[in-house]
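In case you want the letters, here they are:
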Amino acid sequence: MGGPQIITLGCRLNIAESEAIREIIGREMPNAQDDLVVVNSCAVTAEAVRQSRQAIRRARRDRPGARIMVTGCAAQTEPETFAAMAEVDAVIGNREKMHRTSYLPNGGSDPVRVSDIMSVRDTAPHMASAFAEHARAFLEVQNGCDHRCTFCIIPYGRGNSRSVPAGAVIDKARELVGAGYREIVLTGVDVTSYGPDLPGAPSLGLLIERMLKGVPDLPRLRLSSLDSVEIDERLFDILAHEPRMMPHLHLSLQAGDDMILKRMKRRHSRADAVRVVERLRAARPEISIGADIIAGFPTEDDAMFENSLRLVEQCAIVHGHVFPYSPRANTPAARMPQVERATIKARAARLRAACGAQRERWLQSLIGSTQSVLVERNGLSGHAENFAPVRFATPQSPSSIVHATITALENGALIAQEAA
């Protein structure tokens, strides 16, 4: 089949690491990879774990003779769940998944190879240099998280926060640009916590300044999800005024009610989130805002939910990621009074509808404008700088950046033709 099959669930960091796994296997095991399926799992919600199990079963049906190896956050946090599946040949932890020996047929006598992720102190020696399905590259600059939000299992899947030295990031960015990538997305578990563990405690803003200076041929830089409370003045100035930084920000807001935020153990208030968005929009009106929002967190009553619903409109959230709350074992929120599942489902639907309405109005407002679009590898679609999805009326050169006139909106995507 021309290489291992890598099935990726979850976040942009998982996408980056899946490509690193593909590269490791291709480099180290060139003659022993066609019979291998690697499922890079997600543990952010119970639904994500269910989807990971579903992907494993589907892979076994599709490739009955393949070795199936499961890694990622779900494998790290509940290895026994996957070890018990008849379809699974090996379970590999988040630390072990970057070791080539993990993928050898006899890579270890124990089919479950999951070590203590909290003992890991380094990160991203792999940093993938190729991305099979994307015109943009995802570059890991940070991993792990030192915060302990009451709903979140991810620190136990990723370990404590650790950062990649700026020199290594810049070297990899140069390599990616040299390979033809026109946009790089900086990824991590808690990207805005970058730096305190490195000599001199550099900030994310300083890393970006050094990267833009050190890689002058990179036309587009984007950030993955940010914690709004950690956007300092240096980073804010870059987001607001640097033309090579894309006008698109995804914030980890989670809720719009102060009591729920406190019970989540978040470090910002509703007013903090609104203030950041208002400041950014005042400085850069074209910026688009995305956000993670949890529906039905324990103890959330109707009034608290309405506060989250109003936040969607107040912050004009057009890239909404809505998560119905699901209890994760051994987290404090799992021991709090739970909201009924039917109520959670209904609230999630209302939040998605509110985000959808904001998105529809925003996309409609772009008709008639000219947008700079990075063309995907199919030559027929791409994303504008504000991350609006674009489809072209005629094929374009893959991985190019074109100036396109937006002529219509169809099925959630802007229709464009190359500007004269």
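Residues numbered from 1 in each chain as written. Predicted model: local features only at pLDDT ≥ 70, side-chain atom pairs only at ≥ 80, totals over all residues. Heavy atoms only, no water.

Going by the annotation in an unreviewed UniProt entry, the name recorded for the protein chain is tRNA (N(6)-L-threonylcarbamoyladenosine(37)-C(2))-methylthiotransferase MtaB, with Sphingobium fuliginis ATCC 27551 given as the source organism. Annotation of the protein chain in UniProt includes, under Cofactor (unreviewed entry), the sentence "[4Fe-4S] cluster". (UniProt positions renumbered as here; feature names shortened; annotations may be inferred.)

Engineer: Explain the nonpolar core to me, please; I cannot follow it from the model alone.
Structural biologist: I184, I208 and M211 are the most contacted members of the largest nonpolar core, which has 56 residues in total. For this core, the element with the most residues is helix 6 (residues 166-178), which contributes six residues. Once residues lying within four places of it in the same chain are set aside, the contact partners of I208 are L186, L221, L223, L235, I238 and M245. (Core = buried A, V, L, I, M, F, W, Y, C linked by side-chain atoms within 4.5 Å. Buried < 20%, exposed > 50% of the residue type's maximum accessible area, 1.4 Å probe, protein only. Helix = DSSP H or I, 4+ residues; strand = E, 2+ residues; numbered from the N terminus. Contact = heavy atoms within 4.5 Å.)

Engineer: Is there a simple way to explain the domain arrangement of the protein chain in this structure?
Structural biologist: Each assigned domain of the protein chain is listed with its residue range as follows: domain 1 (5-115), domain 2 (137-364) and domain 3 (369-418). For domain 2 versus domain 3, the distance between C-alpha centres works out to 25 Å. Counting the surface lost from both domain 2 and domain 3, the interface buries some 1300 Å², and carbon and sulfur atoms represent 60% of this. Here domain 2 is connected to domain 3 by zero salt bridges. Counting the contacts that link domain 2 with domain 3 gives eight residue pairs in polar contact (both at pLDDT 80 or more). Listing elements by their share of the side of domain 2 that touches domain 3, those giving two or more residues are strand 10 (220-223) and helix 12 (341-365). Residue contributions to the side of domain 2 that touches domain 3 peak at five residues, all from helix 12. Here the side of domain 2 that touches domain 3 is built from residues that sort into six nonpolar, four polar and seven charged. (Domains from an automatic or database assignment. Buried area = accessible area lost by both parts, 1.4 Å probe. Salt bridge = Lys/Arg side-chain N within 4 Å of Asp/Glu carboxyl O. Polar contact = N/O pair within 3.5 Å; in protein donor to acceptor, adjacent residues only side chain to side chain. Nonpolar A, V, L, I, M, F, W, Y, C, P; charged D, E, K, R; others polar.)

Engineer: What should I look at first to understand the environment of G205 in this one?
Structural biologist: Note on placement: G205 falls in helix 7 (residues 204-214). Taking the relative accessible area as the measure of exposure, G205 reaches 0% and is therefore buried. Residues G205 and L235, 30 residues apart in the sequence, show an inter-C-alpha distance of 4.4 Å. In contact with G205, not counting residues within four places along its chain, are R234, L235 and I238.

Engineer: How should I be thinking about the sheet that holds strand 5 (residues 112-113) in this particular structure?
Structural biologist: Two modes of strand pairing occur in sheets, parallel and antiparallel, and in both the strands are linked by backbone hydrogen bonds. Spatially, five strands are ordered 1-2-3-4-5 in an open sheet, and the strand pairing comes out parallel. Of all strands in the sheet, those with a lone pairing partner are strand 1 (5-8) and strand 5, marking the two edges. As judged from the two bridges shared by strand 3 (residues 67-72) and strand 4 (residues 90-92), these two strands associate in the parallel manner. Residue pairing across strands places V70 opposite V91, the latter belonging to strand 4. (Pairing = 2+ DSSP bridges.)

Engineer: How should I be thinking about the pattern of salt bridges in this particular structure?
Structural biologist: Should the charged atoms of two oppositely charged side chains come close, the side chains can pair. For the structure on display, the rule yields 23 salt bridges. Salt-bridge contacts for R279 lead to E233; the nearest nitrogen and oxygen are separated by 3.2 Å. Taken together, the residues R279 in helix 10 (residues 270-283) and E233 in helix 8 (residues 233-241) connect sequence positions 46 residues apart. With a shortest N-O distance of 3.1 Å, R284 and E286 are connected by a salt bridge. Owing to a relative accessible area of 7%, R284 belongs among the buried residues under this scheme. Here E286 falls in the partly exposed class, since its relative accessible area comes to 43%. Residues joined in a network through salt bridges with shared partners are D227, E230, R266 and R267.

Engineer: What should I look at first to understand the packing of aromatic side chains in this one?
Structural biologist: Working definition: an aromatic ring pair is given by the centre-to-centre distance plus the angle between the planes. Enumeration over the complete set of coordinates arrives at two aromatic pairs. Consider the rings of F151 and F297, whose centres lie 6.4 Å apart with planes at 85°: the pair is edge-to-face. Taken as a pair, F151 in the loop between strand 7 (142-143) and helix 5 (154-158) and F297 in the loop between strand 12 (288-295) and helix 11 (302-314) lie far apart in primary sequence, 146 residues in all. Taking relative accessible area as the criterion, F151 reaches 12% and is therefore assigned buried. Plain terms: the ring middles of F297 and Y325 are 5.6 Å apart, the flat faces sit at 70° to each other, and that makes the pair edge-to-face. Placement of F297 in the loop between strand 12 and helix 11 and of Y325 in the loop between strand 13 (317-324) and helix 12 is noted, with a sequence separation of 28 residues between them. Residue F297 is classed as buried on the basis of its relative accessible area, which comes to 0%. An aromatic cluster is built from F151, F297 and Y325, whose rings are joined through pairwise contacts. The ring of Y156 is capped by R148, whose NZ or CZ atom sits 5.5 Å from the centre of that ring. In this structure, R279 packs its charged tip against the face of F236, placed 3.9 Å from the ring centre. (Phe/Tyr/Trp six-rings, centres within 6.5 Å; stacked < 30°, edge-to-face > 60°. Lys NZ or Arg CZ within 6 Å of the ring centre and 35° of its normal.)

Engineer: Even after reading the chapter, I still don't get unusual backbone geometry, so can you show me in this structure?
Structural biologist: Most peptide bonds take the trans form, and the phi angle of most residues other than glycine is negative. In this structure, A201 is a non-glycine residue whose phi angle is positive, near 50°. On the secondary structure map, A201 appears in the loop between strand 9 (183-187) and helix 7. The backbone of F387 sits at a positive phi, close to 70°, despite the residue not being glycine. Within the element layout of this structure, F387 appears in the loop between strand 15 (381-384) and strand 16 (389-392). The buried category is assigned to F387, whose relative accessible area is 14%.

Engineer: Is there a simple way to explain the packing of helix 6 against helix 7 in this structure?
Structural biologist: When two helices pack together, their arrangement is given by the angle between the helix axes and by the axis-to-axis distance. Between helix 6 and helix 7, whose axes approach to 10 Å, the crossing angle comes to 40°. The angle between helix 6 and helix 7 places the two elements in the oblique class. Read as a crossing pair, helix 6 and helix 7 show a hand that is right-handed. Along the contact surface, helix 6 presents A166, V169, I170, A173 and R174, while helix 7 presents L207, R210, M211 and G214. Each residue belonging to the contact of helix 6 with helix 7 can be placed in one class, and the counts come to six nonpolar, one polar and two charged. (Axes fitted to C-alpha atoms, helices over the stretch in contact; angles between N-to-C directions. Parallel < 35°, antiparallel > 145°, perpendicular 65-115°, else oblique. Left-handed = near helix turned anticlockwise from the far one by under 90°.)

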